[in-house]
Amino acid sequence: MTWRAYGASVCGSSHRRTGLPCQDAHGWRSLPGDAGILCAVADGLGSAARAETGARCAVDAALDALTWALAADPPPTGETAVAEAVRAAFAAARVALEAAAGDAPLRDLATTLILAAAAPGWTAVGQIGDGAAVGSWPDGRLETLSPPQRCEYANETVPVTATDALDRVQVRVWPTPVRSLVLFSDGLQSLALNLASASPFAPFFAPFLQALADPFDSDATSVRLAAFLDSARVCARTDDDKTLLAAGLAERA
């Protein structure tokens, strides 16, 4: 079996109207020997002056830190050790954002962050802010592994740059590897989830999971995904930036 991944971030129609760039970012890393996959999605806050920079910085720093932690000899195993590695990756993202801010206010780089990893003996997800991570287990069951964090007010979220951000990171670890992961920013929440229960809407995910099983080219599949996210049908439902990242196990060609 081998891990495959693809993803896209597209600018929302509301940002196009106001001349703003896409403020989402995403990324993934394969572990050495195809032993696992790391995925990250970030959504820069629209009120932040350098939101797109913050999102990119958070994704890259978190993936770098978790890759380094999992390359240790021996690598972390067990729920506590894996959870600590995920939390450390969020701390690394915070440090990277502080460095990128320089003398400017840290809030200028405000961004959410979702980080997910799957390895032979476990699955882990960490999150601060909105967006969500959904997993498909070996029996085919879909589960929301990390739902959007709730805040007191609608359209409010907690970024990595918040004073108490590292205390508010939600981390979960399972002693079983998922077969696939789908991470997405809050621009897709209304299409992907039952907002009352945060349960996944299976028909939304079916084509993204099928794409991982079909004859696969990551770049070409990412281009098709971007076209879908930017389609009139999707933009009629949401005018926000939209990011989706899918990763899964498939038979080696």
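If you're wondering where the values come from, they're calculated on a predicted model, not measured in any experiment.

Basis of the calculations
Residues numbered from 1 in each chain as written. Predicted model: local features only at pLDDT ≥ 70, side-chain atom pairs only at ≥ 80, totals over all residues. Heavy atoms only, no water. Pairing = 2+ DSSP bridges. Helix = DSSP H or I, 4+ residues; strand = E, 2+ residues; numbered from the N terminus. Axes fitted to C-alpha atoms, helices over the stretch in contact; angles between N-to-C directions. Contact = heavy atoms within 4.5 Å. Core = buried A, V, L, I, M, F, W, Y, C linked by side-chain atoms within 4.5 Å. Buried < 20%, exposed > 50% of the residue type's maximum accessible area, 1.4 Å probe, protein only. 1 Å grid on protein atoms, 1.4 Å probe; cavity = no way out; pocket = protein on both sides within 12 Å on 5 of 7 lines; lining within 4 Å. Points joined across faces, edges and corners; volume = space filled by probe spheres on them. Nonpolar A, V, L, I, M, F, W, Y, C, P; charged D, E, K, R; others polar.

Colleague: When you look at the sheet that holds strand β7 (residues 142–146) in this model, what are you seeing that I'm missing?
Modeller: Think of a sheet as strands paired side by side through backbone hydrogen bonds, with each pair either parallel or antiparallel. Spatially, the 5 strands line up as an open sheet ordered β1-β12-β9-β6-β7, and their pairing is antiparallel. Pairing within the sheet leaves two strands with one partner each, and these edge strands are β1 (2–10) and β7. Ignoring which end each strand starts from, the neighbouring axes of this sheet average 15° apart. For strand β9 (residues 180–184) and strand β12 (residues 242–250), the ladder comprises 5 bridges, and the chain directions are antiparallel. Looking at the pairing, phenylalanine 184 lines up with leucine 244 of β12. Where helix α6 (residues 202–213) meets the sheet, it contacts β1, β6 (132–136), β7, β9 and β12, and its direction lies at approximately 50° from that of β12. Sheet strands in contact with helix α7 (residues 218–229) are β1 and β12, and its direction is about 35° off that of β1.

Colleague: Please explain the nonpolar core as it appears in this structure.
Modeller: Among the nonpolar cores identified, the biggest contains 42 residues, and Leu66, Leu113, Leu115, Trp122 and Ile128 are the most heavily contacted of them. Looking at this core, the elements that each hand over two or more residues are β3 (37–43), α2 (51–70), α3 (79–101), β4 (113–119), β5 (122–128) and β8 (170–174). In terms of residue count, α2 provides more of this core than any other element does, 11 residues in total. Residue contacts for leucine 113: discarding those within four places in its chain leaves Ala40, Val41, Ala42, Ala58, Val59, Ala62, Phe90, Ala93, Gly126, Gln127, Ile128 and Val160. If you look at the next biggest cluster of nonpolar residues, it comprises 21 residues, including Phe184, Leu225, Val234 and Leu244.

Colleague: How should the layout of surface pockets be read in this particular structure?
Modeller: With a probe scaled to a water molecule rolled over the atoms, the places where space remains empty come into view. Taken as a whole, the second largest pocket spans an internal volume of roughly 210 Å³. Surrounding the second largest pocket, Leu191, Phe201, Pro203, Phe204, Pro207, Phe208, Phe228, Arg233, Val234 and Arg237 form its lining. Counting residues per element, the ones that place at least two in the lining of the second largest pocket are α6 and α8 (232–235). Residue contributions to the lining of the second largest pocket peak at 4 residues, all from α6. Taken together, the residues of the lining of the second largest pocket sort by class into 8 nonpolar, no polar and 2 charged.

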